[in-house]
Amino acid sequence: MFGEGKYHLIPSFFRTLIYLKKQKREFSVIFRTFGNELDKIVWEFNRFCNGLHPCFSGRNGTPLIRFDGSKGAKDLRIRDGEQKGLFYRLSNEIQDTRFLQGTYDRENKTYHEFNQVLYDDSTYSNYEMSEDHLIIYQKILDTLKKFSSMAISDDYNSWTENDNHREVAKLLLLDQGDYGTQHIFFDDKADDDEDCNVDARDVISKEILSDKKTKNINVIKVEPHRAILEPDYFIKMIEIAEQGRDEEIERVEGGVADEGEEREVVDEWSKL
């Protein structure tokens, strides 16, 4: 892969991790995809974490960066089965979500087929299927507290079979009362309303969260050309999201009514 000069992860992503490390920020990373490329993504990501990525290996004038737990560094490597998972969306109801932890390889199995082999085949003894959205939410949080990274396959078949509706897209569970944690989902298909392929839900009330509540706070539409050309693209987007979250918390604690407007991104690029 490197010999051909091709990457699955772009430099601005890596630079964001380096920035967060220098700022001594506490963070976790989850790779989410409808595709089948997680093996390649995890391989490249682990190479980066181990200080072996050609852009960050300390060779040929490049900086040496490690996220392998050495010298007090955060260990972001994805090596344990617990860090791998896949979603099944059986309907547009949040309670019909299933989460299999232990692999991100669907093996062309439906939920019912996978659920059956978990009990019949010892090969899958380390896998675990969760069938309650509150348990799913907590399991992901617990895994991130333990490992700080995950790779998850989303249910592309369900999404396409339901005309690409947002309600069966990539599920983002949010606890709106948790002011200590901010989830930020980056996706180049995070368009407006029904065209958005991120399904943000309140984990307590189960309601679908509108764009005005999540846009540029929890869900950010990535502009690929900018992410490639601007080394600090994701850093700027995180700052915008955090500012939006701070303003939201201030409004809620101050008892100010919801303005009912989406928060637009305003940065130097947008002003040009």
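It should be noted that the structure appears before, not after, this text.
Quick look at the structure, then.

Rules of the game
Residue positions are given per chain, counting from 1 as you read along its sequence in written order. For a predicted model such as this one, the threshold for reporting local features is a pLDDT of at least 70, and the threshold for listing and counting side-chain atom pairs is 80 or more; totals across whole chains, interfaces and linings nevertheless cover every residue. The side-chain quantities take in all heavy atoms of the structure and omit both hydrogens and water. Whether two strands pair comes down to DSSP finding at least two bridges between them. Numbered from the N terminus, helices here are DSSP runs of H or I no shorter than four residues, and strands are runs of E no shorter than two. Axis angles are defined between N-to-C directions and span 0 to 180 degrees, where every axis is a line fitted to C-alpha atoms and, for a helix, only to the segment in contact. Here a polar contact is taken to be a pair of N or O atoms separated by no more than 3.5 Å, where protein atoms must pair a possible hydrogen donor with a possible acceptor and residues adjacent in sequence count only if both atoms sit in side chains. With respect to orientation, any angle under 35 degrees is reported as roughly parallel, any angle over 145 as roughly antiparallel, any angle of 65 to 115 as roughly perpendicular, and every other angle as oblique. In what follows, a contact means two residues having at least one pair of non-hydrogen atoms within 4.5 Å. Each residue is assigned to one class: nonpolar for Ala, Val, Leu, Ile, Met, Phe, Trp, Tyr, Cys and Pro, charged for Asp, Glu, Lys and Arg, and polar for all the others, Gly among them. Helix span, as expected, comes to 1.5 Å for every residue beyond the first. By convention, a stacked pair of Phe, Tyr or Trp rings (six-membered ring in the case of Trp) has centres within 6.5 Å and planes under 30 degrees apart, an edge-to-face pair has planes over 60 apart, and any other such pair is tilted. Over a ring means this: the NZ of a Lys or the CZ of an Arg is within 6 Å of the ring centre and within 35 degrees of the ring normal. Crossing chirality is assigned from the near helix's rotation relative to the far helix, an anticlockwise turn below a right angle marking it left-handed and a clockwise turn marking it right-handed.

1. Regarding the sheet that holds strand E2 (residues 84–89)
Item 1. Spatially, E1-E5-E2-E3-E4 is the arrangement adopted by the five strands of the open sheet, whose pairing is mixed. Strands at the two margins of the open sheet, each flanked by one partner only, are strand E1 (29–33) and strand E4 (128–130). Direction aside, the axes of adjacent strands within the sheet are offset by 20 degrees on average.
Item 2. Across three bridges, the pairing between E2 and strand E5 (residues 149–153) is parallel. Along E5, the bridge assignment pairs Gly85 with Ile152.

2. Some words on the environment of His53
Item 1. Structurally, His53 can be placed in the loop between helix H2 (38–49) and E2.
Item 2. The sequence separation of His53 and Arg66 amounts to 13 residues, and the corresponding C-alpha distance is 9.6 Å.
Item 3. Here Glu44 takes part through its side chain, which lies 3.0 Å from a polar atom of the side chain of His53.

3. Section: the packing of helix H1 (residues 11–22) against helix H8 (residues 233–253)
Item 1. Between H1 and H8, the shortest axis-to-axis distance is 7 Å and the interhelical angle comes to 55 degrees. Between H1 and H8, the crossing angle belongs to the class labelled oblique. Along the contact surface, H1 presents Ser12, Phe13, Arg15, Thr16 and Tyr19, while H8 presents Phe234, Ile235, Ile238 and Glu239.
Item 2. For the contact of H1 with H8, the per-class residue count stands at five nonpolar, two polar and two charged.

4. A word on the side chain of Ser12
Item 1. Secondary-structure assignment places Ser12 in helix H1.
Item 2. Among the polar contacts listed, one links the side chain of Ser12 to the backbone oxygen of Ala227, at a separation of 2.6 Å.
Item 3. When neighbours within four sequence positions are excluded, Ser12 is seen to be in contact with Ala227, Glu230, Pro231 and Phe234.

5. Notes on H8
Item 1. For H8, which comprises 21 residues, the first-to-last C-alpha distance of 31 Å matches the rise-based estimate of 30 Å (1.5 Å per residue) to within 8%.
Item 2. For H8, the elements touching its buried residues are H1, strand E7 (185–187), helix H6 (211–214), strand E9 (219–221) and helix H7 (224–229).
Item 3. Immediately downstream of H8, the backbone of Gly255 shows phi near 70 degrees, a positive value.

6. With respect to the packing of aromatic side chains
Two aromatic rings are characterised by how far apart their centres lie and by the angle between their planes.
Item 1. Going through the model one piece at a time under the given rule, you end up with 18 aromatic pairs.
Item 2. Ring geometry for Tyr124 and Tyr127: centres 5.3 Å apart, planes at 75 degrees, overall edge-to-face.
Item 3. Through a chain of ring-to-ring contacts, three or more aromatic side chains come together here, namely Phe13, Phe14, Phe31, Phe45, Phe48, Phe56 and Phe67.
Item 4. Between Arg106 and the ring centre of Tyr88, over which it is positioned, the NZ or CZ distance is 5.0 Å.

7. Some details on the packing of H1 against H2
Item 1. The interhelical angle for the contact between H1 and H2, taken along N-to-C directions, is 40 degrees, at an axis separation of 12 Å. As judged from the angle between their axes, H1 and H2 are oblique. As for the relative orientation of H1 and H2, their crossing is right-handed in sense. The segment H1 lies against H2, with Phe13, Phe14, Leu17 and Ile18 engaging Glu44, Phe45 and Phe48.
Item 2. Split into classes, the residues belonging to the contact of H1 with H2 amount to six nonpolar, no polar and one charged.

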